[in-house]
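Here is what each chain is made of, one letter per residue.
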Amino acid sequence: MLVVGFGSGPLQANCYLLAEADGRPCVVVDPGEDVAAPLAAALAEHRLVPAALVATHGHPDHVASAAGLSAAHGVPLHLHPADARLYDGDSVPLEAGIFAGLDVDVRPVPGHTPGSVVLGLETAEGGRLALTGDTLFAGSVGRGADAEAVRELLAGLPDDTVVLPGHGPATTIGRERAGNPFLAGTGA
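Reading the values: the criteria
Residues numbered from 1 in each chain as written. Predicted model: local features only at pLDDT ≥ 70, side-chain atom pairs only at ≥ 80, totals over all residues. Heavy atoms only, no water. Salt bridge = Lys/Arg side-chain N within 4 Å of Asp/Glu carboxyl O. Buried < 20%, exposed > 50% of the residue type's maximum accessible area, 1.4 Å probe, protein only. Helix = DSSP H or I, 4+ residues; strand = E, 2+ residues; numbered from the N terminus. Pairing = 2+ DSSP bridges. Right-handed = clockwise from strand over helix to strand, strands pointing away.

Student: Honestly, the pattern of salt bridges in this entry has me stumped. Any pointers?
Tutor: Two side chains carrying opposite charge are able to pair once their charged atoms lie near each other. Counted by the stated rule, this structure contains five salt bridges. Residues Arg107 and Asp105 are paired through a salt bridge, measuring 2.8 Å at the closest nitrogen-oxygen approach. Residue class for Arg107 comes out partly exposed when judged on its relative accessible area of 29%. Residue Asp160 is joined to Arg128 by a salt bridge in which the shortest nitrogen-to-oxygen separation is 3.1 Å. Of the two residues, Asp160 sits in the loop between α4 (147-154) and β13 (162-165) while Arg128 sits in strand β10 (residues 128-133), which places them 32 residues apart along the sequence.

Student: Please explain the sheet that holds strand β9 (residues 117-122) as it appears in this structure.
Tutor: Think of a sheet as strands paired side by side through backbone hydrogen bonds, with each pair either parallel or antiparallel. Taking strand neighbours across the sheet as the criterion, the six strands line up as β7-β8-β9-β10-β13-β14 in an open arrangement whose pairing is mixed. Edge positions in the sheet fall to β7 (97-99) and β14 (171-172), since each has one partner strand and no second. Bridge count between strand β8 (residues 102-108) and β9: four bridges; the pairing is antiparallel. From the neighbouring strand, Val106 faces β9, where its bridge partner is Leu119.

Student: How should I be thinking about the pairing of strand β4 (residues 49-54) in this particular structure?
Tutor: Where a strand is regular, its side chains alternate between the two sheet faces. Where strand β3 (residues 25-29) meets β4, five bridges bridge the pair, whose relative direction is parallel. If you follow Val29 over to β4, its bridge partner there is Val54. Crossover handedness for the path β3 to helix α1 (residues 36-46) to β4: right-handed. With two bridges joining them, β4 and strand β5 (residues 77-79) adopt parallel strand pairing. The residue of β5 that forms the bridge with Val54 is His78.

Student: Could you clarify how one ought to interpret the pairing of strand β2 (residues 13-19) in this entry?
Tutor: Among the seven residues of β2, seven are classified as buried, and the element is accordingly described as predominantly covered. By the alternation rule, side chains of β2 split into Ala13, Cys15, Leu17 and Ala19 and Asn14, Tyr16 and Leu18, which are all buried. Pairing analysis gives seven bridges linking strand β1 (residues 2-8) to β2, with the strands arranged antiparallel. Within the sheet, the bridge partner assigned to Ser8 lies in β2 and is Ala13. In this structure, the hairpin formed by β1 and β2 is closed by a connection of four residues, where Gly9 is found at a positive phi of approximately 75°. With four bridges joining them, β2 and β3 adopt antiparallel strand pairing. Considered in β3, the bridge of Leu18 is made with Val27.

Laid out in structure tokens, this is it:
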């Protein structure tokens, strides 16, 4: 699986592109503020075509560029219905399913916003990814996130699951279990 990520906008929110490989359709996750230039560069470099836009929640730093990208590429933004009021553009309900050939699991974790979700994927190579938006960061949880709900959600995830957060560096569930004070007692 190809995973490309970059920070954008004043809050350096992470935007991710997920695809089976170079030259394939891709999913754009959290197309926030000021993503046009870095997104265009990444799409060109990897010969990707957006097949879906997906948001982990509806805050502007994660969806500000979605309407323009949706119009430019003819693909909708998939957003949890509880966050539709936070987004000015058109969206469709975010549900688990196949996006750009990738099987994406959607786990609601309300708290940071009513419609906050964690996206889960298993790679063809046997790896696991959790795109956590502003629910879980390296060493912390997001503002307003319900720590108990985060613990319950992550309790069953294996330690080697790679966490791709909405801000900051990637981490793993194992690293967060060992060092994140909000995840104490969440062994697999």
